[in-house]
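In case you want the letters, here they are:
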Amino acid sequence: MAAQDVPDARALEQALGWWQGPAYADFPDAAWVRAERGRLTELRLRAVEQLARARLAAGRPELAV
């Protein structure tokens, strides 16, 4: 992975720090929110994966686990 392809771990940590529980938790059975909840959950998982990659690239494998 090239250096320019490695995301900034600090930015990802900050973004993931803003995430507070499941998306739209106040509306667990609302049909109108299912697609958006899935989209946001997928984005969060991608950010977690990118953070792990960034930590590995920074030589911090113990933080990537």
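Nothing here was measured: the structure is a model prediction, and the numbers come from that model.

K.L.:
Mind showing me how you'd approach the packing of helix α1 (residues 9–18) against helix α2 (residues 34–57) here?
P.N.:
For any two helices packed against each other, the geometry comes down to the angle between their axes and how far apart the axes lie. Two elements in contact, α1 and α2, have axes whose closest approach is 9 Å; the angle formed by their N-to-C orientations is 150 degrees. The two elements α1 and α2 meet at a crossing, and its hand is left-handed. Residues A9, L12, E13 and L16 of α1 pack against R44, A47, V48, Q50, L51, A54 and R55 of α2. Considering only residue class, the contact of α1 with α2 consists of seven nonpolar, one polar and three charged.

K.L.:
What is the right way to look at unusual backbone geometry in this model?
P.N.:
Glycine aside, residues mostly have negative phi angles, and peptide bonds mostly take the trans form. Backbone geometry at Y24 places phi at a positive 55 degrees, although glycine is not the residue there. If you trace the backbone, Y24 turns up in the loop between α1 and α2. Take Y24: its relative accessible area is 34%, and that puts it in the partly exposed class.

K.L.:
Please explain the pattern of salt bridges as it appears in this structure.
P.N.:
Once the charged atoms of two side chains with opposite charge are near each other, the side chains can pair. A complete count under the given rule lists five salt bridges for this structure. Across the salt bridge formed by R39 and E36, the nearest N and O atoms sit 2.7 Å from each other. Of the two residues, R39 and E36 are both situated in helix α2; the distance of three residues between them amounts to about one turn of the helix. Taking the relative accessible area as the measure of exposure, R39 reaches 44% and is therefore partly exposed. A salt bridge links E62 to R60; the nearest nitrogen and oxygen atoms lie 2.6 Å apart.

K.L.:
Please clarify how the environment of A64 should be interpreted in this entry.
P.N.:
Among the secondary structure elements, A64 is positioned in helix α3 (residues 61–64). Through-space distance from the C-alpha of A64 to that of R53 is 7.2 Å; in sequence the pair is 11 residues apart. Filtering out sequence-adjacent residues up to four positions away, A64 remains in contact with A52, R55 and L56.

K.L.:
What should I look at first to understand the packing of aromatic side chains in this one?
P.N.:
Aromatic rings in a pair are described by how distant their centres are and how their planes are angled relative to each other. Scanning all chains against the criterion turns up two aromatic pairs. Judged by centre distance (6.2 Å) and plane angle (75 degrees), the rings of Y24 and W32 are edge-to-face. Of the aromatic side chains, those joined through ring pairs into one cluster are Y24, F27 and W32.

Conventions used here
- Residues numbered from 1 in each chain as written.
- Predicted model: local features only at pLDDT ≥ 70, side-chain atom pairs only at ≥ 80, totals over all residues.
- Heavy atoms only, no water.
- Axes fitted to C-alpha atoms, helices over the stretch in contact; angles between N-to-C directions.
- Helix = DSSP H or I, 4+ residues; strand = E, 2+ residues; numbered from the N terminus.
- Left-handed = near helix turned anticlockwise from the far one by under 90°.
- Contact = heavy atoms within 4.5 Å.
- Nonpolar A, V, L, I, M, F, W, Y, C, P; charged D, E, K, R; others polar.
- Buried < 20%, exposed > 50% of the residue type's maximum accessible area, 1.4 Å probe, protein only.
- Salt bridge = Lys/Arg side-chain N within 4 Å of Asp/Glu carboxyl O.
- Phe/Tyr/Trp six-rings, centres within 6.5 Å; stacked < 30°, edge-to-face > 60°.

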